[in-house]
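Observations on the model geometry
Take a look at the letters that make up each chain.
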Amino acid sequence: MAGLESMVVEEVKPVDREKTCPLLLRVFCSTGRHNSPGDYARGNVPQNELQIYTWMDATLRELTGLVKEVNPETRRKGTYFDFAIVYPDMRTPTYRMREIGVTCSGQRGGDDNKTLAQVKFQIGNYLDISITPSNRMPPPMRRPQPYMNNRPY
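Residue indices follow the written sequence of each chain, beginning from 1 at its first position. For this predicted model, a pLDDT threshold of at least 70 governs which residues receive local features, and a threshold of 80 or more governs which side-chain atom pairs are given and counted, while totals over whole chains, interfaces and linings are taken from all residues. Note that the side-chain values use all heavy atoms of the structure and ignore hydrogens as well as water.

1. Here we look at the overall build of the protein chain
- Strands are runs of DSSP state E lasting at least two residues, helices are runs of H or I lasting at least four, and both sets are numbered from the N terminus onward. When its secondary structure is counted, the protein chain shows one helix and five strands.
- Its helices and strands taken in sequence order, the protein chain reads β-β-α-β-β-β from the N to the C terminus.
- We call two residues in contact whenever any of their non-hydrogen atoms come within 4.5 Å of each other. When contacts within the protein chain are restricted to residue pairs at least 6 apart in sequence, those whose partners lie at least 24 apart make up 68%.
- The protein chains shown are the only cover counted for residues, whose accessible areas, like all others here, come from Shrake-Rupley with a 1.4 Å probe. Accessible surface, the protein chain: about 10,900 Å² in total, of which carbon and sulfur atoms supply 53%.

Encoded structure:
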């Protein structure tokens, strides 16, 4: 049995956008940093809200384009968009934030084609985007966080 490999392929079903009702995606953008998870506490949200109607197969590149349409300062080549999902913590009355990818205006990147479904976005979550203008340092590259069970004690 040597040489036998197992490969898991995630099947993504295309969404028929003519027949499927879009979801309301509540997006919060800030320059140079993410909003704090505490900004979402007690039914509050940050004031910098952008509402987008889209589908679960929307890519980060597609969402970048929609943000650029309403925010002219972000259209410059080299502007970075650092995406994070904000979701309620089921064990406590707080919100958590999980980074899901980075796109850049005018450049192709490895996260461009990630969809909301692939990053485990759930309807009701928020999307938080840190926008770094082209004249500033790009967001630092992040290493994936290890699973809690793999951490040494």
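Picking up after the structure, the text goes on.
2. Regarding the sheet that holds strand β3 (residues 80-88)
- Strands sit in the order β2-β1-β5-β3-β4 across an open sheet of five strands; the sheet is mixed. In this open sheet, the two edge strands, each paired with only one partner strand, are β2 (49-54) and β4 (95-104). Ignoring which end each strand starts from, the neighbouring axes of this sheet average 30° apart.
- Taken together, the seven bridges between β3 and strand β5 (residues 126-132) define a ladder with antiparallel strand orientation. Each residue of the ladder has a partner; that of Ile85, found in β5, is Leu127. For two strands to pair, DSSP has to find at least two bridges joining them. Angles run from 0 to 180 degrees between N-to-C directions of axes, and those axes are lines fitted to C-alpha atoms, restricted for helices to the stretch in contact.

3. Some words on the nonpolar core
- Residue types Ala, Val, Leu, Ile, Met, Phe, Trp, Tyr and Cys, when buried and joined through side-chain atoms within 4.5 Å, form a set referred to as a nonpolar core. Between buried and exposed lies partly exposed: a residue is buried under 20% and exposed over 50% of the maximum accessible area for its type, with that area taken using a 1.4 Å probe on protein chains only. Counting 20 residues, the largest nonpolar core has Leu25, Val27, Leu63, Phe83, Leu127 and Ile129 as its most contacted members.
- Looking at which element gives the most residues to this core, the answer is strand β1 (residues 23-31), with four residues.
- When sequence neighbours within four positions are dropped, the list of residues in contact with Leu127 reads Leu25, Arg26, Val27, Phe28, Leu63, Phe83, Ala84, Ile85 and Ile100.

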